[in-house]
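Topology and contacts: notes
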Amino acid sequence: AAFPKDFLWGAATAAYQVEGAHNEDGKGLSIWDVFSHLPGTTWQDTNGDVAVDHYHRMQEDVALMAEMGLQSYRFSISWPRLLPNGRGTVNEAGVKFYSDLIDTLLAHNIVPMITLYHWDLPQALQDEGGWEVRSTAHAFEEYARLCYSRYGDRVKLWATFNETIVFIGHGYITGSHPPSVRDPARAVQACHQVFIAHALAVKAFREMNVQGEIGFVNVLQPHTALTNSPEDRIATEIADAIHTHWLYDPVLKGHYPETLLAQTQALWDVPRFEPGDDELLRNNICDFIGLNYYRRETVVANPDETKTASNHNGEPNSGAEFGFKDLFKFVRNPEGVYTDWDWEIWPQGLTDGIMMIKERYGDIPMYITENGLGAKDPIIDGEIIDEPRIDYLRMHIDAMEKAMAQGADVRGYYPWSFIDLLSWLNGYKKQYGFVYVDHQQNLARKRKKSFFWYQNVITTRGEQR
Ligand SMILES: C[C@@]1(C(=O)O)OC[C@H]2O[C@@H](O)[C@H](O)[C@@H](O)[C@H]2O1
């Protein structure tokens, strides 16, 4: 059946992964500009210096979005492009890039959805302590206020952070993302500062009376116990508490899950609250939640050492999860079908995940802000025949429709990604886009088979898929 008339058929990207121009027109360096140049941090030493050069090809790319019939485009703003030092002096050339992008989108009737933070913290703020210090949360509020003042007249959909579990989890637990710390206690405190930064930005949004909605984007990751044993079922509950409740409760309920909070404070004396933090969290609930769904994880008890996943061909698995010794770890599901990067293809998990969020948080408006297949796409006679991606997306549109039929208020769908782009640790080999980028032909764009398939899905409002 067709989706509601006002349902938004979109696609997503992120600044560091598409823009390039990493030090052009006054832009400051982000922690990823610095980290990706350290030897051995990324697959084949790839980095975002050029990425797919969206900064210089924005008009061409938006014309392709319009040709596809995109109704909405989710992108992130590079904080150091606007505030090279993280706060203070504004780089007007940077402000203009996004203003032109927004005007071009609106001229093509494409609704912009902005993500303020998609992992690219200004290096200047990292040098002061990054997410571990409160001053970064205050700098984030200043950055958010700048964006609201410059773009709030034209942009109605805003999200503060993308996938905190990933940039905090890999930044402070596995160490595979910057700042390469391996200390769960510091991770919990940094995560708390991010929640405070979010609350300050929501408060500012309301005070400045920005016309629109503001939300938060999290990984949506339902968990299945491998066996019915008490150990595996308890491990699965712990995985839900850490991966879901800890990340969602503060922004949808306005407080941490009590039991886990008591445990982390008893164990590590974190998160440490400052006076007023409770009220900040309680009084700044999201208007919507953004859900990034790729896979479910199958859980077992984890009495032995934690294993940081890398995929079967030994490549770093940038989305790979981490276990916690004595608590839980993720394993392959014997019945599972997996991608080349060992992510289970399990569309039912999208239906189950949406209903899990509705069950725990009530009737919160939702956007599927990411969903896609990371793969090495087949090229046949010069055409990119990415049938596996079409199958993956079709099954997940079906799964989303099932959840909507059960009463979930899903308002839009943003496949990751509009265009092949830099995958943080996996370079350019792991493709997600509707549009191919030819790295042997000066980054020339080429429409994949899925480009035309999705164009028809949008034209028929999901009727044909
Ligand atoms: C780790 C990985 C991947 O490369 O597969 O997961 C899926 C997708 O999630 C997004 O939030 C990241 O910005 C994007 O780069 C992708 O990152």
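Heads up: these notes are all about the structure in this document. (Residues numbered from 1 in each chain as written. Predicted model: local features only at pLDDT ≥ 70, side-chain atom pairs only at ≥ 80, totals over all residues. Heavy atoms only, no water.)

Observations regarding the sheet that holds strand β10 (residues 366–370)
The condition is simple: When DSSP locates at least two bridges between a pair of strands, those strands are taken to pair. Working definition: helices are DSSP H or I runs of at least four residues, strands are E runs of at least two. Numbering for both runs from the N terminus. Lines fitted to the C-alpha atoms define the axes, with helices restricted to the stretch that makes contact. Angles between their N-to-C directions range from 0 to 180 degrees.
The strand order around the closed barrel formed by eight strands is β1-β2-β3-β4-β5-β7-β10-β13, and the pairing between neighbours is parallel. On average, adjacent strands in this sheet sit at an angle of 30° to one another, irrespective of strand direction. The sheet contact formed by strand β2 (residues 72–76) and strand β3 (residues 111–117) spans five bridges and is parallel. If you follow R74 over to β3, its bridge partner there is M113.

As for unusual backbone geometry
We count it as follows: Burial classes follow relative accessibility: with a 1.4 Å probe on protein chains only, a residue under 20% of its type's maximum area counts as buried, one over 50% as exposed, and anything between as partly exposed.
A cis amide bond links V270 to the next residue, P271, at an omega of 0°. Positionally, P271 belongs in the loop between α11 (258–268) and α12 (277–282). Each neighbour pair has its own omega, and for W416 with S417 the value is 10°, a cis peptide bond. Here S417 shows up in the loop between β13 (410–413) and β14 (435–438). In the Ramachandran plot, A51 falls in the positive-phi region, its phi being about 50° despite a non-glycine side chain. One can find A51 in the loop between α2 (31–35) and α3 (54–68). Accessibility expressed as a relative area gives 4% for A51, which makes it buried. One non-glycine residue, W119, adopts positive backbone phi at about 85°. By the secondary structure assignment, W119 is in the loop between β3 and α6 (123–126). Judged by its relative accessible area of 5%, W119 falls in the buried class.

Here's the deal with the site of the ligand
Stated precisely, the cut-off is as follows: Neighbouring residues are identified by heavy atoms, a residue being near a molecule or strand if any of them is within 4 Å of it. Whenever two N or O atoms come within 3.5 Å, that pair is a polar contact, provided that in protein one can donate a hydrogen and the other can accept it, and provided that, for residues adjacent in sequence, both atoms are side-chain atoms. Residue exposure ignores everything except the shown protein chains as possible cover, and the areas themselves are Shrake-Rupley values with a 1.4 Å probe. Each residue receives one of three labels: charged for Asp, Glu, Lys and Arg, nonpolar for Ala, Val, Leu, Ile, Met, Phe, Trp, Tyr, Cys and Pro, and polar for the others, Gly being one of them.
Near the ligand you find 15 residues, and of these Q17, H118, S423, K430 and Y432 are the closest. In the model, an oxygen atom of the ligand is placed 2.8 Å from a nitrogen or oxygen of the W424 side chain. For the ligand, whose free accessible area comes to 370 Å², the fraction covered by protein is 98%. Class assignment of the residues belonging to the shell around the ligand gives a composition of six nonpolar, six polar and three charged.

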